[in-house]
Amino acid sequence: MSESVIELKDVHVRYKARNSTFRNRQYVDALDGVSLVVRRGQTLGIVGESGSGKSTSAKVLVGLERPTSGQVRFGGEPVRSFTTSVRRRLGRILSVVFQDPATALNARMTIRDALLDPMQVHRIGTRAQREAKVRDLIGLVGLPSSTLDALPGQLSGGQRQRVAIARALVLDPQVIVADEPTSALDVSVRAQILNLLTDLKNELGLGMVFISHDIQTVRYLSDEIAVMNKGRVVELGTAQQVFDDPTDEYTRSLLGAAPSLLEPHLTT
Ligand SMILES: Nc1ncnc2c1ncn2[C@@H]1O[C@H](COP(=O)(O)OP(=O)(O)OP(=O)(O)O)[C@@H](O)[C@H]1O
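Keep in mind it's a predicted model, so treat the numbers as computed, not measured.

Caption draft 1: Seen up close, the overall build of the chain. When you go through the chain residue by residue, the secondary structure sums to eleven helices and ten strands. Computed over C-alpha atoms, the radius of gyration of the chain comes to 19 Å, within 12% of the 18 Å expected from 2.2 N^0.38 for 268 residues, which places it in the range of a compact globule. Dimensions of the chain along its principal axes, counting C-alpha atoms only, are 50 × 45 × 40 Å. Classification of the 268 residues of the chain by burial places 39% in the buried group. Excluding contacts between residues fewer than 6 apart, the proportion of contacts in the chain whose partners are at least 24 apart in sequence is 69%.

Caption draft 2: Expanded view of the sheet that holds strand 6 (residues 94-97). Pairing in this open sheet of six strands is mixed, and the strands run 6-7-8-3-9-10 from one edge to the other. Two strands lie at the open edges of the sheet, namely strand 6 and strand 10 (232-238), each paired on one side alone. Strand-to-strand twist in this sheet, taken as the mean axis angle between neighbours without regard to direction, amounts to 15 degrees. In the sheet, strand 7 (residues 175-179) pairs with strand 8 (residues 207-212) via five bridges, with the strands oriented parallel. Bridge pairing in strand 8 places Asp179 opposite Ile211. Lying on the sheet, helix 10 (residues 249-256) is in contact with strand 3 (43-47), strand 9 (224-229) and strand 10; it crosses strand 9 at an angle near 105 degrees.

Caption draft 3: A look at the nonpolar core. With 63 residues, the main nonpolar core has Leu61, Val175, Val177, Ala178 and Val209 as its most contacted residues. Per-element tally for this core: the top contributor is helix 6 (residues 157-169), with six residues. Non-local contacts of Leu61, meaning those with residues more than four positions away in its chain, are made with Ile6, Leu8, Val38, Leu94, Val177 and Val209.

Caption draft 4: Local environment of the sheet that holds strand 5 (residues 77-78). Within the open sheet, the four strands sit side by side as 2-1-4-5. Their pairing is antiparallel. The sheet terminates laterally at strand 2 (27-39) and strand 5, the two strands that pair on one side only. In the sheet, strand 1 (residues 4-16) pairs with strand 2 via ten bridges, with the strands oriented antiparallel. Bridged to Ser4 within strand 2 is Arg39. Across the sheet, helix 1 (residues 54-61) is in contact with strand 1, strand 2 and strand 4 (69-74); its angle to strand 1 comes to roughly 120 degrees.

Caption draft 5: Structural detail: the site of the ligand. Taken together, 13 residues lie around the ligand, and Tyr15, Ala30, Ser50, Ser55 and Thr56 are the ones closest in. If you list the elements that add at least two residues to the shell around the ligand, you get strand 2 and helix 1. Looking at which element gives the most residues to the shell around the ligand, the answer is helix 1, with three residues.

Caption draft 6: Region of interest: helix 6. The terminal C-alpha atoms of helix 6 lie 19 Å apart, and with 13 residues this matches the ideal 18 Å at 1.5 Å per residue to within 8%. Across the 13 residues of helix 6, twelve count as buried, placing the element largely inside the fold. Within helix 6, the full set of buried residues consists of Gly158, Gln159, Arg160, Gln161, Arg162, Val163, Ala164, Ile165, Ala166, Arg167, Ala168 and Leu169. Of the surrounding secondary structure, the elements contacted by the buried residues of helix 6 are strand 6, helix 3 (101-104), helix 4 (111-121), helix 5 (127-140), strand 7 and helix 7 (187-204).

Caption draft 7: A look at the confidence of the model for the chain. Residues with a pLDDT of 70 or more make up 96% of the chain, whose mean pLDDT is 90. The ipTM value of the predicted complex is 0.97, and its pTM value is 0.90.

Caption draft 8: Geometry of the pairing of strand 7. Across the five residues that make up strand 7, a large majority, five, are buried. In strand 7, alternate side chains face the same way, and those of Val175, Val177 and Asp179 on one face and Ile176 and Ala178 on the other are all buried. Crossover strand 7 to strand 8 through helix 7 is right-handed.

Caption draft 9: Focus on the packing of helix 4 against helix 5. The contact between helix 4 and helix 5 brings their axes to 10 Å, and the two run at 125 degrees. Considering the angle they form, helix 4 stands oblique to helix 5. Once helix 4 is placed against helix 5, the crossing between them reads as right-handed. The segment helix 4 lies against helix 5, with Arg112, Leu115, Leu116 and Met119 engaging Arg130, Lys133, Val134 and Leu137. A breakdown of the residues in the contact of helix 4 with helix 5 according to their chemical character gives five nonpolar, no polar and three charged.

Caption draft 10: Molecular detail of the packing of helix 4 against helix 6. The interhelical angle for the contact between helix 4 and helix 6, taken along N-to-C directions, is 25 degrees, at an axis separation of 8 Å. Regarding the angle of helix 4 to helix 6, the classification is roughly parallel. The two elements helix 4 and helix 6 cross, and the hand of that crossing is right-handed. Contacts between helix 4 and helix 6 involve Ile111, Ala114, Leu115 and Pro118 from the first element and Val163, Ala166 and Arg167 from the second. The class makeup of the residues in the contact of helix 4 with helix 6 is six nonpolar, no polar and one charged.

Definitions and limits used
- Residues numbered from 1 in each chain as written.
- Predicted model: local features only at pLDDT ≥ 70, side-chain atom pairs only at ≥ 80, totals over all residues.
- Helix = DSSP H or I, 4+ residues; strand = E, 2+ residues; numbered from the N terminus.
- Rg over C-alpha atoms; globule rule 2.2 N^0.38 Å.
- Buried ≥ 20, exposed ≤ 12 C-beta atoms within 10 Å, placed from the backbone.
- Contact = placed C-beta atoms within 7 Å.
- Pairing = 2+ DSSP bridges.
- Axes fitted to C-alpha atoms, helices over the stretch in contact; angles between N-to-C directions.
- Core = buried A, V, L, I, M, F, W, Y, C linked by C-beta atoms within 7 Å.
- Near = placed C-beta within 6 Å.
- Expected span 1.5 Å × (residues − 1).
- pLDDT = per-residue confidence, 0-100.
- Right-handed = clockwise from strand over helix to strand, strands pointing away.
- Parallel < 35°, antiparallel > 145°, perpendicular 65-115°, else oblique.
- Left-handed = near helix turned anticlockwise from the far one by under 90°.
- Nonpolar A, V, L, I, M, F, W, Y, C, P; charged D, E, K, R; others polar.

Next comes the structure, spelled out in structure tokens:
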């Protein structure tokens, strides 16, 4: 097993329920004792229905949400407080690709500026080195260099998600957290984005956390799979174990559900 980059140990996250009132306080246990390990160069798939706690797990992993209790361990050490410097370190090691590339990119920034920005914020390289990196990245995600002069609104959804992936790679992260990265896209381009993520994982040795409600998509990309239900990890194992020999009833019900629309594209 390769080394752990980041892990959650018995993490609980409790939110005030959205319909909670001052008189009638109600809480939601979004995470109810979640333990997960993200390993260098490996893809951890997280699958579960809407509301099972997938996105909250991702937010805790990247430091956007703090656990109510439990531990986040980073490079084997517990994170004791989420100071700005810890968040900056986390931000360089893990980066996120969200569901909707339209909201992830600033509509008034050219693609070139959107890709230069993280390097400027972290004061990385000279202007010439940053420009060269941006040209390399846009090629790496399969887009022509003319894309750099465009605004997000001039690109298709699939092209925008490629740009969002390039942006996630700017700081050379060890792990990319991709939260439903294809669900806002046309079915016809979903497989292309999944193939791009697989190629990048193989070429760059990237670790990945891939979140989806579609177990077939998760299977295609993942080394290990965590199945979540109601804030808990109900099954955790290699992709093969989870598919061939699921121990949990809920996993079996997910596997028994209708096959993915993506499956025919992915298996050819
Ligand atoms: N900021 C918040 N305030 C209150 N409740 C929240 C908040 N964020 C999430 N929740 C609740 O926590 C639970 C877990 O939500 P989460 O978004 O992690 O699930 P999910 O599996 O990612 O779902 P989806 O697939 O719909 O994104 C849900 O019941 C959700 O309504």
